[in-house]
4 protein chains.
Amino acid sequence: MLRVGILGATGIVGQKFIDVLRNHPWFEVTELMASERSAGKAYGDVVSWQPTGDIPHGLADKVVRPCDPDRLNLDFVLSGLDASVAEPIEIAFASSGIPVISNTRVHRMVPDVPLIIPEINPHHLDLISHQRTRLKSHGFIVTNPNCSTIVLALALAPIHEKFDVRKVFLSTMQAVSGAGYPGVSSMDIIDNVLPFIPGEEEKIESEPLKIFGRLDTGSIEYSNMVISSRCHRVNVRDGHLMSVSIALENPPDLQELKLAWQEYSPEILQLNLPTAPARPVRITARPDRPQPIRDRDAGDGMTVTIGRVKPCPILDFSFSALGHNTVRGAAGGSVLIAELLKSRGYFQN
Amino acid sequence: MLRVGILGATGIVGQKFIDVLRNHPWFEVTELMASERSAGKAYGDVVSWQPTGDIPHGLADKVVRPCDPDRLNLDFVLSGLDASVAEPIEIAFASSGIPVISNTRVHRMVPDVPLIIPEINPHHLDLISHQRTRLKSHGFIVTNPNCSTIVLALALAPIHEKFDVRKVFLSTMQAVSGAGYPGVSSMDIIDNVLPFIPGEEEKIESEPLKIFGRLDTGSIEYSNMVISSRCHRVNVRDGHLMSVSIALENPPDLQELKLAWQEYSPEILQLNLPTAPARPVRITARPDRPQPIRDRDAGDGMTVTIGRVKPCPILDFSFSALGHNTVRGAAGGSVLIAELLKSRGYFQN
Amino acid sequence: MLRVGILGATGIVGQKFIDVLRNHPWFEVTELMASERSAGKAYGDVVSWQPTGDIPHGLADKVVRPCDPDRLNLDFVLSGLDASVAEPIEIAFASSGIPVISNTRVHRMVPDVPLIIPEINPHHLDLISHQRTRLKSHGFIVTNPNCSTIVLALALAPIHEKFDVRKVFLSTMQAVSGAGYPGVSSMDIIDNVLPFIPGEEEKIESEPLKIFGRLDTGSIEYSNMVISSRCHRVNVRDGHLMSVSIALENPPDLQELKLAWQEYSPEILQLNLPTAPARPVRITARPDRPQPIRDRDAGDGMTVTIGRVKPCPILDFSFSALGHNTVRGAAGGSVLIAELLKSRGYFQN
Amino acid sequence: MLRVGILGATGIVGQKFIDVLRNHPWFEVTELMASERSAGKAYGDVVSWQPTGDIPHGLADKVVRPCDPDRLNLDFVLSGLDASVAEPIEIAFASSGIPVISNTRVHRMVPDVPLIIPEINPHHLDLISHQRTRLKSHGFIVTNPNCSTIVLALALAPIHEKFDVRKVFLSTMQAVSGAGYPGVSSMDIIDNVLPFIPGEEEKIESEPLKIFGRLDTGSIEYSNMVISSRCHRVNVRDGHLMSVSIALENPPDLQELKLAWQEYSPEILQLNLPTAPARPVRITARPDRPQPIRDRDAGDGMTVTIGRVKPCPILDFSFSALGHNTVRGAAGGSVLIAELLKSRGYFQN
């Protein structure tokens, strides 16, 4: 079993890492790290535990450590650190030789840091060798995109590879869990919608350009796809829903388009990674789907569901997409990256 | 006082008509009409009353009548009938000489039936003379648009008259009250969003073309504006929010665009109609507005609020718009049409 | 495998039966029966499927039959019929020799019909022999209590058997799924609580008296426990929460009381029935629990959680109890009764 | 106009004070005071304004002052300070000669501090003379009870004065606004109920004993009524609902009991105070009321609604009560106390 440390273990993403790694066949959580305020105390005493089940056996009593790579015996760390503190800590771990898979935004757009969705751009991991040279370390940082970006990019991937997506207009309806805990006040969401999520539109309009970018020698040439977004917070616990309209370079007919989603079978599926869903993307024919409550748990939360595909009178087509923001969009996505890294031999010393 | 009859008085729109007409200076509800099932019974015994206050004094004991124009002494009727039964009833009233202001979809797109938003196209009332000729009656039908259409059209009007809107992409987040009572099941909306509202996208893509159409001799030449929409039902009681992206024939800069909304002052304001808000459209500078709970009651529910205006990387600009669906979008909008008709002398015998 | 028919298969309880029986080791759903309106059509075409996963393989295409016992080859039926139609149908099945486990209220208080919670009163099944004599059939009817009754009775059972519960004051906060689909209107529950559930207080004040009653020769002598209840519908999807205050014949101290819940281990656990939870009742020490979202799935929805136990200044103690209303309180509870019946040999011909 | 200062003006209660005093005929807000963090800045820049309308004209630009009585020209202050800081500040104001009407808990149970519901115990204001002696100041502190206490006490008052309430069992379902802003996390309330509100049960079990206490020379002899409570937070924005069961010293029949609520007409009504509702308590005959969304605004939020009165098999009767927690239960209640104080001449120098 590989030994995994959790950076930001008391936060909502950190907790979800722990929850997702219950009974993982390859990885075992052996260190919990958080801010100085929590360090030195038992995890169960400092965490406001959110997942449905109890804290996994053995971790409630575990003493939380500070976020310091010194004298740690770890194969890699998963980082759910707050963006305000993540940068130096993640660099310190990578520089000390410990690979970091980060769910935080701070390093996502750094040129030699891979921004990975395993089904879409696993080859971008080649950036790691350049990063290692820069950091003068065997360690490195790999990043998981923003939760909305992941849902959008997986929804686009099957059609982008066949028909070349040129323009994307999207309007999101995002779950409150995306804002962490306590996050969104109940006073802001009961009988309400918030039409603004700070920083979200910037991320969703830029990150896909890197993910769909072309790997050149040592850097990514961004895609010139154009994305226009408006992001909303709705009264939903988990599951980001989005309405998407697209223009394609080579637009097919409606049936061919639907077929692209149905037949999507990226290479990574052949690796049989433990957290990879049988189908990363599925399409539903039911006229009133996807819905957060009824579709977010598809593929144990790792499958994105597409529905209501129809012609768009302005661009070519429009559709709805839904994915689980804290599973596929955060903890599950990061663990899948870790599994990909392991299968590619990146964790071997 | 003019005598008003309510068609479909037990439905949610019918109730809202009664609620909005409390203490109206010109109009008094004197007849309540509903299906045969309710006819002959006291209104208070058959209605599942939804508005916040009690049933207005004198109406709870009033005997409900069937929807039959015979021997009624009314100056006009407001119709909140279900679309499945409205057509013959509304025609029967109009043919018998009683003007009908209808909130139902069935006659909206009939060529000689005006589809009116008083601030935008009051001159379309000229169609009435043609309709009267057809019906061989002094009566007539005027229609109130769909609730989402009204919010969208009012949001577009100030900029359309200055910069000529060519393309509109919109994604709505609509309140459950739009589906009536009992309407949307709690099982469908707790922790959920419904990405489909039957018939809604068709209405919102076509009705504005008539509203913004040019009145030719006896008919409307539809606008060739192109609208692409996706409609969603969210966990909100009242207030339809929409994200809108627009292409303009003559795009101004961002400041000029905002100014168009700020300075919007349609002619109808000079009539000082009782239900007309001081400002039919307002624009907010707060970065996280408009929101249903905090903006739907602006102008007593008759004002549409615009916010988060920004450049759109695909079309020209995008913004959020919000309006109260059962007030401006239904009962209040219909009463405002009635006030316009009265001020123009259409109710005189 | 025993062959199971579902009566009322298109209703919300019927659907939950099908969902709970996925991969059941002993039982297989072989017939789906519903009203004449659905009969003759494919199940997938007539059901408004509510559970999270898809309709189990093979059932979506299955033709729905009318609720008629003629020529059926079934070992037993589970009934989720609406109370308005259940009585003659359930009697027809029992009279024709097919055992009925019913989730409907109509036969619960009939003297020779067992009202069973397997952990509490399995010996009440002895009533079946009397019922068979009355019906002149090998078939019989066994009933599952009301969902709130089950949560309350399981919460009381561990302390009743040790300290003799005399008085119970309770206030419930019940989930909307208890009202079926479409059930509670969203207009009645957004930003609201309904302080009335028709018929609920009558059931919860009477059914426990039969469940905790003493089996005499051929009938049940009701318990003389006194229950006072007030029932509320809250904005929760699943999980009935209740505040309970109790007077005991032999009141222990607070620690002994808590121990009674902790140590509760009814005989039925030794049967290792597939749907029986390891712990039918658990007690939490966390000060803000139980909560619907965080505790309803304990024991796969079959465990009732107790919390916030404290002295009551009027009666002896008060506490909170929570259980999953559609699993433990309906479909899961009925399946557990079926498992008990099988293990006792009641399904053998 | 009397000049009013607001202590804790940026908090949710402080905001509600400002909102309730819009257009008040006697009182004008002339000073806004808050923590050092906000002091010196414009109110509109530091407040996260929650009420529906905009900040009243003239206050958005007003510079916030620290909570210091020096050199202020005020007739009285309304305090919505957080309990953690209120004690020394409120004493400093009272000692410097400025009357304080406080919504905070810290001084409520101090022997010579009146705890007032104007309809119930206006004569308790006689404690002020004793307090003035102790403080050696013309200033004084008067307190407004906890929001739940106010709803309960007003519900009990009409029957307590006629039939002598001896025991009270209650279970509350309280709105999230009672916890302030941001207050309750959306993650804790979507699809959930919280069965615990820190400190709430202690307040609701003790404060009514002082309110219903007998004023002796210089102190209150507490009522020996016994109250047992369990408090819950539900997914409701405003309006505390509670189920109450009572034992009476002289129990009437059900009709007499209902009549006591109908006929309740406390002496204070004759003073015609601006904020006093025509009926402080009303009783509804509708079987499914009171409900938060439909009854909280009765009497502009100042009326408590009683419903579903029925015999209790354990105590004498049970009923439901509902009141608006931020109006009657906080800001409106405090302003009503201020009006009572003015009418009694307590603000004259």
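Scroll up to find the structure this text is about.
This write-up is about the structure you can find in this document. Keep in mind that what you see is a predicted model, and the values were worked out from it rather than measured. (Residues numbered from 1 in each chain as written. Chains lettered and ligands numbered in written order. Predicted model: local features only at pLDDT ≥ 70, side-chain atom pairs only at ≥ 80, totals over all residues. Heavy atoms only, no water.)

What to know about the overall build of chain A
So, point 1. Scanning chain A from N- to C-terminus turns up 10 helices and 14 strands.
So, point 2. In terms of overall size, chain A behaves like a compact globule, its C-alpha atoms giving a radius of gyration of 20 Å where 349 residues would be expected to give roughly 20 Å.
So, point 3. Taking the principal axes of its C-alpha atoms as reference, chain A extends roughly 60 × 50 × 35 Å.
So, point 4. Sequence-distant contacts, at least 24 apart, represent 74% of the contacts inside chain A between residues at least 6 apart.
So, point 5. Of the roughly 12300 Å² of accessible surface on chain A, 47% is carried by carbon and sulfur atoms.
So, point 6. Each charge sign in chain A was given a centre, from 34 positive and 39 negative side chains, and these centres are 2 Å apart. (Helix = DSSP H or I, 4+ residues; strand = E, 2+ residues; numbered from the N terminus. Rg over C-alpha atoms; globule rule 2.2 N^0.38 Å. Contact = heavy atoms within 4.5 Å. Areas by Shrake-Rupley, 256 points an atom, 1.4 Å probe, with all protein chains shown as cover. Lys, Arg positive; Asp, Glu negative; His and termini not counted. Charge placed at Lys NZ, Arg CZ, Asp CG, Glu CD.)

Quick notes on the interface of chain A and chain D
So, point 1. Taken together, the contacts link 17 residues of chain A with 17 residues of chain D.
So, point 2. Here chain A and chain D share an interface that buries about 1500 Å² over both sides, 56% of which is from carbon and sulfur atoms.
So, point 3. Put simply, chain A and chain D have 0 salt bridges between them.
So, point 4. Applying the counting rule to chain A against chain D returns 10 residue pairs in polar contact (both at pLDDT 80 or more).
So, point 5. Along the lines of polarity and charge, the residues of the side of chain A that touches chain D split into 9 nonpolar, 6 polar and 2 charged. (Buried area = accessible area lost by both parts, 1.4 Å probe. Salt bridge = Lys/Arg side-chain N within 4 Å of Asp/Glu carboxyl O. Polar contact = N/O pair within 3.5 Å; in protein donor to acceptor, adjacent residues only side chain to side chain. Nonpolar A, V, L, I, M, F, W, Y, C, P; charged D, E, K, R; others polar.)

Brief notes about the packing of aromatic side chains
So, point 1. Under the criterion given, the structure shown has 26 aromatic pairs over all chains.
So, point 2. Relative to B:Phe76, the ring of B:Phe27 has its centre 5.0 Å away and its plane inclined at 75°; by these criteria the two rings are edge-to-face. Taken together, the residues B:Phe27 in strand 2 (residues 27-34) and B:Phe76 in strand 4 (residues 76-79) connect sequence positions 49 residues apart.
So, point 3. Site record: aromatic cluster; members linked through ring pairs are A:Trp26, A:Phe27, A:Phe76 and A:Phe347.
So, point 4. The aromatic ring of B:Trp26 is capped on one face by B:Lys342, whose charged end is 4.5 Å from the ring centroid. (Phe/Tyr/Trp six-rings, centres within 6.5 Å; stacked < 30°, edge-to-face > 60°. Lys NZ or Arg CZ within 6 Å of the ring centre and 35° of its normal.)

Considerations on the sheet that holds strand 7 (residues 165-174) of chain A
Residue and element names in this part refer to chain A.
So, point 1. With respect to topology, 6 strands assemble into an open sheet ordered 10-7-11-14-13-12, the strand pairing being mixed. In this open sheet, the two edge strands, each paired with only one partner strand, are strand 10 (226-233) and strand 12 (281-283). Each adjacent strand pair in this sheet contributes to an overall mean axis angle of 20°, direction not counted.
So, point 2. In this sheet, strand 10 lies alongside strand 7 in parallel orientation, the contact comprising 8 bridges. From the neighbouring strand, Val168 faces strand 10, where its bridge partner is Ile227.
So, point 3. Helix-sheet contacts for helix 7 (residues 200-211) involve strand 7, strand 10 and strand 11 (240-248), and the interaxial angle to strand 10 is about 145°. (Pairing = 2+ DSSP bridges. Axes fitted to C-alpha atoms, helices over the stretch in contact; angles between N-to-C directions.)

Here's the deal with the sheet that holds strand 7 (residues 165-174) of chain C
Residues and elements named next belong to chain C.
So, point 1. Taking strand neighbours across the sheet as the criterion, the 6 strands line up as 10-7-11-14-13-12 in an open arrangement whose pairing is mixed. Looking at strand neighbours, the two that pair on one side only are strand 10 (226-233) and strand 12 (281-283), the edges of this open sheet. Put simply, the sheet's adjacent strands are angled 20° from each other on average, direction ignored.
So, point 2. Sheet topology note: the strand 11 (residues 240-248)/strand 14 (residues 317-323) ladder contains 7 bridges and is antiparallel. Looking at the pairing, Ser243 lines up with Ser320 of strand 14.
So, point 3. Running over the sheet, helix 5 (residues 147-163) touches strand 7, strand 10, strand 11, strand 12, strand 13 (304-311) and strand 14 and is turned about 30° from strand 11.
So, point 4. Set on the sheet, helix 8 (residues 254-262) makes contact with strand 11, strand 12, strand 13 and strand 14; between it and strand 13 the angle comes to about 175°.

As for the relation of the copies chain A and chain D
So, point 1. Relative to chain D, chain A is turned by 180° and slid 0.0 Å along the rotation axis, the superposed coordinates differing by an RMSD of 0.0 Å. Viewed as a symmetry operation, the transformation between the two copies matches a two-fold axis. Closest approach to the rotation axis within chain A is made by the C-alpha atom of A:Ser186, at a distance of 2.1 Å.
So, point 2. Comparing contact sets, 100% of the residues at the interface of chain A also lie at the interface in chain D, consistent with an isologous, same-surface contact. (Least-squares fit on C-alpha atoms with pLDDT ≥ 70 in both.)

Looking at the relation of the copies chain A and chain B
So, point 1. After a rotation of 180° and a shift along the axis of 0.0 Å, chain A superposes on chain B with an RMSD of 0.0 Å.
So, point 2. Counting the interface residues of chain A, we find that 100% of their copies in chain B are interface residues as well, pointing to one common contact surface.

Regarding the interface of chain A and chain B
So, point 1. In this complex, chain A contributes 49 residues to the contact, which on the side of chain B involves 49 residues.
So, point 2. Taking both partners together, chain A and chain B bury about 3800 Å²; carbon and sulfur atoms supply 57% of that area.
So, point 3. A salt bridge links B:Arg308 to A:Glu201; the shortest N-O distance between them is 2.8 Å.
So, point 4. Along the contact surface separating chain A from chain B lie 31 residue pairs in polar contact (both at pLDDT 80 or more).
So, point 5. Secondary-structure elements contributing two or more residues to the side of chain A that touches chain B are strand 7, helix 6 (186-189), helix 7, strand 10, strand 11, helix 9 (292-295), strand 13 (304-311) and strand 14 (317-323) of chain A.
So, point 6. Among the elements that take part in the side of chain A that touches chain B, strand 10 of chain A stands out by supplying 7 residues, more than any other.
So, point 7. Residue composition of the side of chain A that touches chain B, by class: 23 nonpolar, 12 polar and 14 charged.

Describing helix 8 (residues 254-262) of chain A
Quick reminder: α-helices carry 3.6 residues per turn. Residues three or four places apart thus point the same way.
All names here are of chain A.
So, point 1. When we look at burial in helix 8, the residues that qualify are Leu257, Ala260 and Trp261. Buried residues of helix 8 fall within an arc of 95° about the axis and therefore sit on the same side.
So, point 2. Backbone nitrogen of Gln255 and a side-chain oxygen of the N-cap are separated by 3.1 Å at the start of helix 8; the cap is Asp253. (Buried < 20%, exposed > 50% of the residue type's maximum accessible area, 1.4 Å probe, protein only. Arc of directions from axis to C-beta.)

Structural notes on the environment of C:Asn146
Residues and elements named next belong to chain C.
So, point 1. The residue Asn146 is located in the loop between strand 6 (141-143) and helix 5 in this model.
So, point 2. For the pair Asn146 and Ile204, spaced 58 residues apart in sequence, the C-alpha to C-alpha distance is 7.4 Å.
So, point 3. Ignoring sequence-local partners within four residues, the contact set of Asn146 consists of Arg108, Glu200, Lys203, Glu207 and Gly329.
So, point 4. Within the structure, the side chain of Asn146 is placed 3.4 Å from the side chain of Glu200, a separation counted as a polar contact.

Concerning the pattern of salt bridges
Residues and elements named next belong to chain A.
So, point 1. Taken as a whole and judged by the stated rule, the model has 64 salt bridges over all chains.
So, point 2. The salt bridge involving Arg22 is made with Asp19; its shortest N-O contact spans 2.8 Å.
So, point 3. Classification of Arg22 by relative accessible area gives partly exposed; the value is 29%.
So, point 4. Put simply, Arg65 and Glu31 hold a salt bridge, and the shortest N to O gap is 3.7 Å. Of this pair, Arg65 sits in strand 3 (residues 65-66) while Glu31 sits in strand 2 (residues 27-34); the two residues are 34 residues apart in sequence, bridging distant segments of the chain.
So, point 5. Glu31 sits in the buried class, given a relative accessible area of 16%.
So, point 6. Among the charged side chains, a network of salt bridges with common partners joins Lys16, Asp19 and Arg22.

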